[in-house]
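Residues per chain, in single letters:
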Amino acid sequence: MSGLTRRQFLAAGGGAVGAAASGAILAGHVWPLLNKEDLLPGTSTQLDLQPDAWTTTPDRLTFAAIGDNGSGGRQAMAVADRLTQTYRRSPFGLVALLGDISYYGNFADRYHDVFARPMRSLIEAGVGFELAIGNHDADLRHSNEGLEEIEAELRLLGTPGPYYTSTHGPADFFYLDSSVPGVFGPGSATQWEWLDDTLAASTSQWRIVALHHPLYSSGRHGSTIAARERLEPILARHRVDLVLAGHDHHYERTHPQNGITYVVSGGGCKTTAVGRSTFTAAAASILQFLVIDIEGDRLDCRCVRVDGRVADQFTLRARQKQ
Amino acid sequence: MRRATVDRIAPPVYGVIDLLVILAPAVTVKFASDRGGLGDTNGVDLLLASMVIGGLHATIASSRLHSEERIALRRADMWIAAADALVVLTLAASILPIVVLWGFADEHASMANGGYPVVALWTGITLVAVILAECTGRVVFWWLEPHPRTRRRTANRTR
């Protein structure tokens with residue numbers, strides 16, 4: 001150490017170690033978090049809505065779908081605010097939550113921050129919420145605590161169980177639990193058998209499946225191949241019309257796959273990059289949600305950006321049911 | 001390069017680096033919200049707050065280096081202290097927001113909904129990072145520089 005005193009050596013060494021550590025920490029953790037997460041707290045919408053303003057008949061339904069909106073942060077509040085404003089122009093009586101409704105803590109603790117505050121106006125207007133469980137909705141998968149957390153979440157939202165069906169106007173909805181125990185764990189076969197039976201018994205004109213993990217995605221997590229292999233034959237056999245998912249934080253719509261259109265709508269509060277695959281019809285890494293109008297055998301879907309512009313829209317015709 | 005030239009160029013360059021380090025987290029957050037489509041005005045408040053604090057601290061850091069250039073008995077002390085301050089600033093300005101915002105998400109959400117402006121929180125976090133860095137720079141320089149007693153001891157030993 002010629003030329004350096006002991007103190008200089010310590011201070012310079014400390015600085016060098018600090019610089020190396022900061023390089024590793026910043027590149028590996030801090031910048032990706034600042035870039036991807038929605039950490040800044042946000043304020044909830046102040047709009048008041050006319051209750052029960054929507055029209056649902058056996059032939060007609062308008063509903064919204066939003067995924068991965070559970071930060072309670074600035075971006076989540078902005079998306080919720082846009083959803084609320086959209087209700088004003090085209091009221092809907094149902095919001096399908098596509099999972100991950102609570103980041104940075106469990107849902108019971110964060111209920112007000114991630115759900116009650118951002119959705120206040122819609123809740124007060126009487127809009128119903130139906131949840132497809134996401135992987136962040138229980139941090140401790142496979143454990144009793146994880147299951148308790150899911151149960152608490154479902155209770156708070158008034159959801160009947162981890163997987164269930166509901167009917168609104170001309171559509172039957174099938175909400176699946178695509179979490180690791182739900183898809184592959186012990187007892188997962190029960191869910192697939194239930195889905196097969198329930199789809200077979202469905203008499204509605206439209207069959208819409210909602211689950212958190214996308215069967216087709218060109219985003220960060222990508223397609224959930226193992227779930228696709230188990231699920232797609234069932235969906236194709238029962239001529240499902242539309243499959244909604246979240247998990248990847250972007251919007252993506254596929255060309256029909258075996259007659260089924262798959263949509264990823266995971267831009268509820270944060271975004272990650274999305275590429276394009278052979279199955280991609282439209283894709284964008286944006287904060288967004290879906291508004292879907294069904295009238296008779298026609299379904300019109302709009303992907304609404306947080307700034308109110310429409311990023312993508314498409315029309316489906318109901319498939320002939322067997 | 002001649003010493004006089006280095007003395008003239010180093011403080012403003014150091015100030016600019018200091019400003020960029022302070023601005024970086026706010027710029028990242030702004031890019032993230034722009035990418036998501038939130039619009040031009042979102043995130044500008046944080047950027048402005050960081051710009052004001054960064055501008056002020058860049059001036060302070062630059063004049064600190066300039067004054068140390070004049071009083072330093074060993075120029076290496078000045079460079080080491082300046083580098084340490086920059087490392088602390090980089091770490092603190094980036095990690096503190098994550099720790100504070102992620103670690104206390106519930107508390108901040110309640111405060112924000114109670115009307116507490118987020119920009120005040122951001123300003124507070126950035127100020128803490130700046131103070132930590134400034135203290136590091138000054139303390140390390142003071143610690144490294146020979147003081148009268150040390151100088152006497154060194155002189156005795158030499159005799």
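Everything below is about the structure printed above this text.
About the thresholds
Residues numbered from 1 in each chain as written. Chains lettered and ligands numbered in written order. Predicted model: local features only at pLDDT ≥ 70, side-chain atom pairs only at ≥ 80, totals over all residues. Heavy atoms only, no water. Buried < 20%, exposed > 50% of the residue type's maximum accessible area, 1.4 Å probe, protein only. Helix = DSSP H or I, 4+ residues; strand = E, 2+ residues; numbered from the N terminus. Expected span 1.5 Å × (residues − 1). Bend = angle between axes of the 7 residues up to and from the residue. Pairing = 2+ DSSP bridges. Axes fitted to C-alpha atoms, helices over the stretch in contact; angles between N-to-C directions. Contact = heavy atoms within 4.5 Å. Phe/Tyr/Trp six-rings, centres within 6.5 Å; stacked < 30°, edge-to-face > 60°. Lys NZ or Arg CZ within 6 Å of the ring centre and 35° of its normal. Core = buried A, V, L, I, M, F, W, Y, C linked by side-chain atoms within 4.5 Å. Buried area = accessible area lost by both parts, 1.4 Å probe. Nonpolar A, V, L, I, M, F, W, Y, C, P; charged D, E, K, R; others polar.

1. Topic: helix α3 (residues 107-116) of chain A
Note that an α-helix has 3.6 residues per turn; residues three or four places apart therefore point the same way.
Piece 1. The buried count for α3(A) comes to seven of 10 residues, which makes it a mostly enclosed element.
Piece 2. Within the sequence span of α3(A), burial applies to A:F107, A:R110, A:Y111, A:D113, A:V114, A:F115 and A:A116.

2. Describing helix α1 (residues 3-36) of chain B
Piece 1. In a regular helix each residue adds 1.5 Å, so 34 residues correspond to 50 Å; α1(B) covers 48 Å between its end C-alpha atoms and thus fits that length.
Piece 2. Along α1(B), the helix axis deviates most sharply at B:A24, where the bend reaches about 40°; the proline B:P25 sits within four residues downstream.

3. Regarding the sheet that holds strand β1 (residues 60-66) of chain A
Residues and elements named next belong to chain A.
Piece 1. Across the sheet, six strands lie side by side as β3-β2-β1-β11-β12-β13; this open sheet has mixed pairing. Either end of the sheet is taken by a strand with one partner, and the two such strands are β3 (128-131) and β13 (310-317). Along the sheet, successive strands turn relative to each other by an average axial angle of 20°, direction set aside.
Piece 2. Strand direction decides the pairing type here: β1 and strand β2 (residues 94-97), joined by four bridges, are parallel. Across the sheet, residue F63 finds its bridge partner in β2, namely L94.
Piece 3. Helix α2 (residues 74-89) rests against β1, β11 (288-295) and β12 (298-305) of the sheet, and its axis sits at about 25° to β11.

4. Considerations on the packing of aromatic side chains
Residues and elements named next belong to chain A.
Piece 1. Throughout the structure, instances matching the rule amount to 14 aromatic pairs over all chains.
Piece 2. Ring centres of F115 and F129 lie 4.9 Å apart, and the angle between their planes is 80°; on these two criteria the pair is classed as edge-to-face. Here F129 lies in strand β3 and F115 lies in helix α3, a separation of 14 residues in the sequence.
Piece 3. Taking the relative accessible area as the measure of exposure, F129 reaches 10% and is therefore buried.
Piece 4. Through successive ring pairs, a cluster of aromatic residues spans F63, Y164, F173 and Y175.
Piece 5. The aromatic ring of Y216 is capped on one face by R228, whose charged end is 3.9 Å from the ring centroid.
Piece 6. Lying across the ring of Y103, K270 places its NZ or CZ 3.6 Å from the centre.

5. A few points about the sheet that holds strand β8 (residues 251-254) of chain A
Residue and element names in this part refer to chain A.
Piece 1. Spatially, seven strands are ordered β4-β5-β6-β7-β9-β8-β10 in an open sheet, and the strand pairing comes out mixed. Edge positions in the sheet fall to β4 (164-168) and β10 (280-284), since each has one partner strand and no second. Taking each pair of neighbouring strands and ignoring which way they run, the sheet shows an average axis angle of 15°.
Piece 2. Bridge count for β4 against strand β5 (residues 171-175) is five bridges, and the pairing is antiparallel. Looking at the pairing, Y164 lines up with Y175 of β5.
Piece 3. Packing of helix α7 (residues 188-201) onto the sheet brings it into contact with β4, β5 and β6 (206-210), and relative to β5 it is tilted by some 175°.

6. Concerning the nonpolar core
Piece 1. Residues A:L244 and A:L299 are the most contacted members of the largest nonpolar core, which totals 60 residues.
Piece 2. Other than its neighbours up to four places away in sequence, A:L244 contacts A:F63, A:A65, A:L98, A:I208, A:V209, A:A210, A:L211, A:V263, A:L290 and A:I292.
Piece 3. In terms of nonpolar packing, the next biggest core, distinct from the first, is built from 24 residues, A:L40, A:A76, B:A26 and B:A105 among them.

7. Digging into unusual backbone geometry
Piece 1. You will see that A:D100, though not glycine, has its phi angle at about 55°, which is positive.
Piece 2. Residue class for A:D100 comes out buried when judged on its relative accessible area of 1%.

8. Details of the environment of A:H112
Piece 1. In this structure, A:H112 sits in helix α3.
Piece 2. With 40 residues separating them in the primary sequence, A:H112 and A:G72 have C-alpha atoms 8.7 Å apart.

9. Quick word on the interface of chain A and chain B
Piece 1. Contacts between the two partners involve 39 residues from chain A, matched on the other side by 40 residues from chain B.
Piece 2. Buried surface at the junction of chain A and chain B, both sides included, amounts to about 3,500 Å², of which 66% is carbon and sulfur.
Piece 3. Elements with a minimum of two residues in the side of chain A that touches chain B: α1 (6-36), α2 and α3 of chain A.
Piece 4. It is α1(A) that provides the largest number of residues to the side of chain A that touches chain B, a total of 16 residues.
Piece 5. Broken down by class, the residue content of the side of chain A that touches chain B amounts to 19 nonpolar, 12 polar and eight charged.

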